[in-house]
Amino acid sequence: MRRVRTHTNPLNIIHRFKDVKLPQNQDLDIEIGFGKGDFLMNWAKNNPDHYVVGIEVRKQMVVLLEEDLKKNTLNNIAIYHGNGQVFLEDVPLDNSIDRLFIFHPDPWFKSKHHKRRVITPAFLTLAHQKLKCNGKLYISTDVKLLFDDITDLLKSMPAFEPIHDSFWETAYQTHWSKFSKKDNRDSFVQTYIKNKQ
Ligand SMILES: C[S@@+](CC[C@H](N)C(=O)[O-])C[C@H]1O[C@@H](n2cnc3c(N)ncnc32)[C@H](O)[C@@H]1O
């Protein structure tokens, strides 16, 4: 059986995406850290009029999802190997993303490793810049400590407003969320809307 590394330090994956172009005439939905890609593929299937993009720092996961995608005829999905923050810096125009999904980001528990987390103050500033007004940021985790840290960061950014969203009951399922549920772990989810320019 092929061994899949469970962690990659995203700070070591810094290649740029200067040649990637995205369509301008469809809703643009981006998932950072898609892992096995279950959510990404289902979202693309269920929303054929959206353009759905996934970025994943672990190369092997990208290769595995590419294999799955070959068995489908989806023409509204693109996946890339790399660091989600670098991708956001290089590719989407400002005010262009409709939905930004980050499900079960790695918690990196040690304080000295917090800079490896996907959701940092710098990332949130960039996400705000790239989301459309009324664009949404979706966050889930089963790690209470991480959820509290993220909630604190977002409280200091009034341009992101927490909202109730039926998405979590109707459309949300990832590889990680399934296992988390099976293990009876708590689930912490929140949608934020970008409410100011
Ligand atoms: C715990 S897994 C969750 C996978 C998936 N979202 C799910 O819920 O099943 C976190 C994933 O995020 C990826 N990741 C971590 N930091 C990243 C970054 N800066 N950019 C892109 N992917 C990242 C990891 O490689 C890993 O696959």
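Residues numbered from 1 in each chain as written. Predicted model: local features only at pLDDT ≥ 70, side-chain atom pairs only at ≥ 80, totals over all residues. Heavy atoms only, no water.

### Some remarks on the sheet that holds strand β6 (residues 160-163)
Filter applied, for reference: The pairing criterion is simple: DSSP has to find at least two bridges between the two strands. We count a stretch as a helix when DSSP gives it H or I for four or more residues in a row; a strand needs E for two or more, and each element gets its number in order from the N terminus. Helix axes are fitted only over the stretch in contact, all axes being lines through C-alpha atoms; the angle between N-to-C directions runs from 0 to 180 degrees. Residue contacts are defined here by distance: any two heavy atoms, one from each residue, within 4.5 Å place the two residues in contact.
Strand order in the open sheet formed by 7 strands is β3-β2-β1-β4-β5-β7-β6, and the pairing between neighbours is mixed. Each edge of the open sheet is held by one strand with a lone partner, namely β3 (77-81) and β6. Taking the axes of each pair of neighbouring strands and ignoring which way they run, one obtains an average angle of 20° across the sheet. As paired elements, strand β4 (residues 97-103) and strand β5 (residues 131-141) share 6 bridges and run parallel to each other. Each residue of the ladder has a partner; that of phenylalanine 101, found in β5, is tyrosine 138. Packing of helix α1 (residues 38-46) onto the sheet brings it into contact with β1 (27-32), β2 (50-56), β3 and β4, and relative to β2 it is tilted by some 170°. Against the sheet, helix α4 (residues 121-130) engages β1, β4, β5, β6 and β7 (188-194), with an angle of about 140° to β5.

### Quick look at the site of the ligand
Heads up, the condition is: We call a residue near a given molecule or strand whenever any one of its heavy atoms falls within 4 Å of it. Under this definition, polar contacts are N or O atom pairs within 3.5 Å; protein pairs additionally need one hydrogen-donor-capable and one acceptor-capable atom, and for neighbouring residues in sequence, both atoms have to be side-chain atoms. Only the protein chains shown count as cover for residues, with accessible areas throughout obtained via the Shrake-Rupley method and a probe of 1.4 Å. Here the nonpolar group is Ala, Val, Leu, Ile, Met, Phe, Trp, Tyr, Cys and Pro; Asp, Glu, Lys and Arg are the charged ones; every other residue, Gly included, is treated as polar.
Neighbouring the ligand are 20 residues; Gly33, Glu56, Gly84, Phe103 and Thr174 lie closest to it. In this structure, an oxygen atom belonging to the ligand sits 2.5 Å away from a side-chain N or O atom of glutamate 56. Note that an oxygen atom of the ligand is positioned 2.7 Å from one of the side-chain N or O atoms of threonine 174. In isolation the ligand offers 600 Å² of accessible surface; the protein chains occlude 96% of this area. Counting only elements with at least two residues in the shell around the ligand, the list comes to β1, β2 and α7 (175-182). Taken together, the residues of the shell around the ligand break down into 8 nonpolar, 8 polar and 4 charged.

### Points about the packing of aromatic side chains
The condition is simple: Any Phe, Tyr or Trp ring, taking Trp's six-membered ring, that has another such ring centre within 6.5 Å forms a pair; planes under 30 degrees apart are called stacked, those over 60 apart edge-to-face, and the others tilted. Any residue under 20% of the maximum accessible area for its type is buried, any over 50% is exposed, and the rest in between are partly exposed; the area is computed with a 1.4 Å probe on protein chains only.
Inspection of every chain in the model, using the stated rule, returns 21 aromatic pairs. Ring geometry for phenylalanine 17 and phenylalanine 87: centres 5.1 Å apart, planes at 75°, overall edge-to-face. Here phenylalanine 17, found in the segment before β1, pairs with phenylalanine 87, found in helix α3 (residues 84-90); they are 70 residues apart in sequence, far enough to count as distant. We note that phenylalanine 17, like phenylalanine 87, is buried. On the numbers, 4.8 Å between centres and 80° between planes, the contact of phenylalanine 39 with phenylalanine 103 is edge-to-face. With phenylalanine 39 in helix α1 and phenylalanine 103 in strand β4, the pair connects residues that are 64 residues apart, well separated along the chain.

### Concerning the environment of lysine 136
Mapped onto the elements of the fold, lysine 136 is located in strand β5. Placed 91 residues apart in sequence, lysine 136 and lysine 45 show a C-alpha to C-alpha distance of 20 Å. Those residues in contact with lysine 136, other than ones at most four positions away along the chain, are Asp98, Arg99, Leu100, Leu131, Ile163, Asp165, Thr191, Tyr192 and Ile193.

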